[in-house]
Amino acid sequence: MNFQKIRLGAGLYFVATPIGTARDITLRALDVLASADMIAAEDTRSLRKLMEIHGVPLAGRRIQAYHDHSGVGARNRIMDALEQGMSVAYASEAGMPLIADPGYDLGRQAAEEGHLVTCAPGPSAAMMALTLAGLPTDAFFFAGFLPNSSGARKTKIEALREIPGTLIFYESPKRLAACLSDLSHVLGENRKAAICRELTKKFEEVRRATLGDLTAEYTGKSVKGEIVLLVDRGHSQSVNESEVDEALAKALETHSVRDAADLVSKMYDVPRRPIYQKALKLGKERNG
Ligand code: SAM
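Taken together, the neighbourhood of the ligand is formed by 19 residues, with Asp 101, Ser 124, Ala 125, Tyr 170 and Ile 227 sitting nearest. Taking Ala 94, its main chain carries an N or O atom lying 3.0 Å from a nitrogen atom of the ligand. Contact distances for the ligand include 3.5 Å between an oxygen atom and a backbone N or O atom of Glu 171. For the ligand, whose free accessible area comes to 570 Å², the fraction covered by protein is 90%. Judged by the proximity of its atoms to the pocket grid, the ligand belongs to the largest pocket. When contributions to the shell around the ligand are tallied by element, the ones reaching two or more residues are β7 (166-171) and β10 (227-231). Residues of the shell around the ligand, tallied by class, amount to twelve nonpolar, two polar and five charged. In terms of domain composition, the shell around the ligand takes at least three residues from each of domain 1 (11-123) and domain 2 (126-231).

To continue, consider the domain arrangement of the protein. In terms of domain boundaries, the protein breaks down into domain 1 (11-123), domain 2 (126-231) and domain 3 (241-286). For domain 2 and domain 3, the distance between their C-alpha centroids amounts to 28 Å. Taken residue by residue, the interface counts six residues in domain 2 and five residues in domain 3. The largest contributions to the domain 2 side of the interface with domain 3 come from Arg 161, Glu 189 and Asn 190, which together make up 66% of the buried area. Here domain 2 is connected to domain 3 by one salt bridge.

It is worth spelling out the sheet that holds strand β3 (residues 63-65) at this point. Pairing in this open sheet of five strands is parallel, and the strands run β3-β2-β4-β1-β5 from one edge to the other. Only two strands of the sheet have a single partner each, and these edge strands are β3 and β5 (117-120). Recorded for the sheet is a direction-independent mean angle of 30 degrees between the axes of neighbouring strands. In the sheet, strand β1 (residues 11-15) pairs with β5 via four bridges, with the strands oriented parallel. Bridge pairing links Phe 14 to Cys 119 in β5. Running over the sheet, helix α4 (residues 104-112) touches β1, β4 (87-91) and β5 and is turned about 155 degrees from β1.

Scoring rules and cut-offs
- Residues numbered from 1 in each chain as written.
- Predicted model: local features only at pLDDT ≥ 70, side-chain atom pairs only at ≥ 80, totals over all residues.
- Heavy atoms only, no water.
- Near = heavy atom within 4 Å.
- Polar contact = N/O pair within 3.5 Å; in protein donor to acceptor, adjacent residues only side chain to side chain.
- Areas by Shrake-Rupley, 256 points an atom, 1.4 Å probe, with all protein chains shown as cover.
- 1 Å grid on protein atoms, 1.4 Å probe; cavity = no way out; pocket = protein on both sides within 12 Å on 5 of 7 lines; lining within 4 Å.
- Sits in = over half its atoms within 2 Å of the grid points.
- Helix = DSSP H or I, 4+ residues; strand = E, 2+ residues; numbered from the N terminus.
- Nonpolar A, V, L, I, M, F, W, Y, C, P; charged D, E, K, R; others polar.
- Domains from an automatic or database assignment.
- Contact = heavy atoms within 4.5 Å.
- Buried area = accessible area lost by both parts, 1.4 Å probe.
- Salt bridge = Lys/Arg side-chain N within 4 Å of Asp/Glu carboxyl O.
- Pairing = 2+ DSSP bridges.
- Axes fitted to C-alpha atoms, helices over the stretch in contact; angles between N-to-C directions.

Spelled out as structure tokens, the structure:
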């Protein structure tokens, strides 16, 4: 038996569940699931199955379904239990609750009403991907899922352009190619990136390359499984502007405005749009 029944004080206990391999659950998470007075979950079936795998008995407890859109009824049942001094364990379907998953409203209300809110922490796809991506880990920004439509997605990516850290996205395999293409378009194809797929599972895979190369590789390719996409921060701050201007002027001697902008943005790993604007202006001055 891997768990112990422990005395849990009253409060809300967020419980992290595995993101693939069932044995990634922590011993403390099992203790909390075995011992809480009430259990609630985003997906009652998957939590029941996980408890079965680890031999944690329900012991007469019903798993209460809860996500942030369940309505006040479900939340009130949990709040009532906390009010009565009970311990409530809450797990999302996979990984850490609240991380692109429900639990935020519940935790906030429980804290506001003065209850203990704590967590049996564990795996999260974002943290595992960051560990494997080969991109800097000193600072990072978790951006969750990008919008579905290309226009809204590009606007969101544009807003993330200057973030001085590794960007972390969750992405569906169906949208991966379109998303890579938009990232490449807005941030420049030379930015380093990584695709972490099926983490902790049989077909775990990490691909590390530039956004341009990954876009070429995944366009038209069918991909399966769960994916975390990571992108390096921009390094444009360190580029000397007059150096870029000089390179652009030189490139315009032998190239069209469009080609000169492409060449220089690649050469200095800077976004293409401002370089194109500059090239357009320089081209006009040159011809006018
Ligand atoms: N709460 C979870 C966590 O802490 O990672 C995330 C839940 S979110 C609804 C599901 C998304 O997380 C998937 O679409 C995928 O982007 C990412 N994800 C979850 N498990 C994964 C895995 N094993 N490998 C890669 N990505 C995963």
